[in-house]
Number of protein chains: 2
Amino acid sequence: MKKLNTADFDKLEKRYRSQLINSISGVKSGNLIGTKNIEGQTNLAVFNSVVHIGSDPALIAFIQRPTTVERHTYENIIATEKYTINAIHHEIIYQAHQTAARYMREESEFDETSLETEYLDDFFAPFVKGSPLQFSLKLEEEISIKTNDTKLIIGRVESLYFDEKLLEKDGSLSLDKGSINAILGLDTYLSIKKTAKLSYAKPDRPLKNLLK
Amino acid sequence: MKKLNTADFDKLEKRYRSQLINSISGVKSGNLIGTKNIEGQTNLAVFNSVVHIGSDPALIAFIQRPTTVERHTYENIIATEKYTINAIHHEIIYQAHQTAARYMREESEFDETSLETEYLDDFFAPFVKGSPLQFSLKLEEEISIKTNDTKLIIGRVESLYFDEKLLEKDGSLSLDKGSINAILGLDTYLSIKKTAKLSYAKPDRPLKNLLK
């Protein structure tokens, strides 16, 4: 086993350190956040920090990096309180990654990447057409993380859309059936394959693999 | 596409709703958090909400569910400010999942699951022996999420240990080479496979797949 401590971290070159530390939390979700400003300019950005907060009410959050530079997604969410989250499936990983480029405020990542907007049920913010799992959110809570000036942005899910073939009998969604990718570190896209679906854990009762 | 809105969510049976909403944020990390109380009693718990907060300083967080029932991991972290995070590799997914069972405070999930403790560099909290990626943390910030009474627990990484075969030239860790699993929803374990490692995104520059 290789070992590094805080003093070792401080000796690492900035990009190397970022690649390393971004790898240690484990596999990440891969999502596109769609927004629109009050002038009607759309924006789309890839995020690998979307995280489940609660099911009742349905709350989903993401980590917003420091807003010391222009952050169009964040600005639009604060101004309009509406945004969409769209899963990244295998067919669009290049386009999804390209949304991370530093485009100007007056440029839309939809135009730049040829991903298509889709407006569902008159929701204000655009969805990504073709994504097999999409939902709309209303901003619920914005929390400042003092230690490094990031924020936790929490939204309440309003409407949820998904390809019916993903739905299992117990309510879970088989993201693998939609070729939905995950992200490793900063730049690596992953396909997924189920190894086990385990029964509810109780003391002194053996687990069953429900896939078998 | 199937569609559900907030009114539909409220009609769903509780467990079904939990399975569904836990699936929509995307693929999750799979980690075991190791703690010890001041009497020396160890605790180990599976978490699917570990998330990267920042690289400099190295900050990793997780979502703590409401502490209206006994939460041994949380109690130990608040009391001792020390804990470990250990990646779940394929060989231990049953044992990892079993740590979710509601054991008594005086029972250790290490004993109950036959996962072995390991103490590295005199750190107070136990690591999971055999995990290919492990790190120790000091509690840095505890943030209350008002909307649903959960918490974001942020720790600063102190020491990092990983199997050398995971390390790539750019500093990233290939979790697939350690058979590290991801989690889907509440109970499904996933193996991962790289589909692309994409170059740094800039406007008007085509992306390269660095795996090729």
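Scroll up a little and you will see the structure.
Quick summary incoming for the structure in this document. (Residues numbered from 1 in each chain as written. Chains lettered and ligands numbered in written order. Predicted model: local features only at pLDDT ≥ 70, side-chain atom pairs only at ≥ 80, totals over all residues. Heavy atoms only, no water.)

1. Brief notes about the overall build of chain A
Part 1 of the argument: Along the backbone of chain A there are 5 helices and 13 strands.
Part 2 of the argument: Relative to a compact globule of 212 residues, whose C-alpha radius of gyration would be 17 Å, chain A shows 19 Å and is just as compact.
Part 3 of the argument: Projecting the C-alpha coordinates of chain A onto the three principal axes gives extents of approximately 60 × 50 × 30 Å.
Part 4 of the argument: Counting the 212 residues in chain A, one finds 59% classified as buried.
Part 5 of the argument: Taking as baseline every contact in chain A between residues at least 6 positions apart, the subset at least 24 positions apart corresponds to 57%.
Part 6 of the argument: Of the accessible surface of chain A, which amounts to about 9,100 Å², a share of 47% is contributed by carbon and sulfur atoms. (Helix = DSSP H or I, 4+ residues; strand = E, 2+ residues; numbered from the N terminus. Rg over C-alpha atoms; globule rule 2.2 N^0.38 Å. Buried < 20%, exposed > 50% of the residue type's maximum accessible area, 1.4 Å probe, protein only. Contact = heavy atoms within 4.5 Å. Areas by Shrake-Rupley, 256 points an atom, 1.4 Å probe, with all protein chains shown as cover.)

2. Section: the relation of the copies chain B and chain A
Part 1 of the argument: Screw-axis analysis of chain B against chain A gives a translation of 0.0 Å along the axis, an RMSD of 0.0 Å, and a rotation angle of 180 degrees. Viewed as a symmetry operation, the transformation between the two copies matches a two-fold axis. Measuring from the rotation axis to each C-alpha of chain B, the shortest distance belongs to Ile192 of chain B, at 2.4 Å.
Part 2 of the argument: The fraction of interface residues of chain B whose copies in chain A are also interface residues reaches 100%, indicating that both copies meet through the same surface. (Least-squares fit on C-alpha atoms with pLDDT ≥ 70 in both.)

3. Describing unusual backbone geometry
Residues and elements named next belong to chain A.
Part 1 of the argument: Cis geometry marks the peptide bond from Asp56 to Pro57, where omega comes out at 5 degrees.
Part 2 of the argument: Phi is positive for Asp122, which is not a glycine, with a value near 60 degrees.
Part 3 of the argument: Positive phi values are uncommon outside glycine, yet Asp204 reaches one of about 60 degrees.
Part 4 of the argument: As for its placement among the helices and strands, Asp204 is situated in the segment after β13 (188-197).

4. Examining the interface of chain B and chain A
Part 1 of the argument: The partner chain A presents 104 residues to the 104 residues of chain B that form the contact.
Part 2 of the argument: Of the roughly 8,800 Å² buried where chain B meets chain A, counting both sides, 63% is carbon and sulfur surface.
Part 3 of the argument: Inspection of the chain B/chain A interface yields 6 salt bridges.
Part 4 of the argument: One salt bridge in this structure joins Lys3 of chain B and Asp121 of chain A, with 3.0 Å as the shortest N-O distance.
Part 5 of the argument: At the boundary of chain B and chain A, one finds 46 residue pairs in polar contact (both at pLDDT 80 or more).
Part 6 of the argument: When its residues are assigned to classes, the side of chain B that touches chain A shows 46 nonpolar, 33 polar and 25 charged.
Part 7 of the argument: As judged from the 9 bridges shared by β13 of chain A and strand β13 (residues 188-197) of chain B, these two strands associate in the antiparallel manner. Bridge pairing links Leu190 of chain A to Lys194 of chain B in β13 of chain B. (Buried area = accessible area lost by both parts, 1.4 Å probe. Salt bridge = Lys/Arg side-chain N within 4 Å of Asp/Glu carboxyl O. Polar contact = N/O pair within 3.5 Å; in protein donor to acceptor, adjacent residues only side chain to side chain. Nonpolar A, V, L, I, M, F, W, Y, C, P; charged D, E, K, R; others polar. Pairing = 2+ DSSP bridges.)

5. Quick word on the side chain of Ser159 of chain A
Part 1 of the argument: Structurally, Ser159 of chain A is set in strand β11 (residues 150-162).
Part 2 of the argument: In this structure Ser159 of chain A comes out as buried when scored by relative accessible area, which is 12%.
Part 3 of the argument: Filtering out sequence-adjacent residues up to four positions away, Ser159 of chain A remains in contact with Gln134, Phe135 and Ser136 of chain A together with Lys3, Leu4 and Asn5 of chain B.

6. Comments concerning the sheet that holds strand β2 (residues 28-29) of chain B
Part 1 of the argument: The strand order across the open sheet built from 6 strands is β2(A)-β12(A)-β13(A)-β13(B)-β12(B)-β2(B), with neighbouring strands paired in antiparallel fashion. Edge strands, defined here as strands with exactly one partner in the open sheet, are β2 (28-29) of chain A together with β2 of chain B.
Part 2 of the argument: Here strand β12 (residues 182-184) of chain A pairs with β13 of chain A via 3 bridges, running antiparallel. For Ala182 of chain A, the partnering residue across the bridge sits in β13 of chain A and is Leu190 of chain A.

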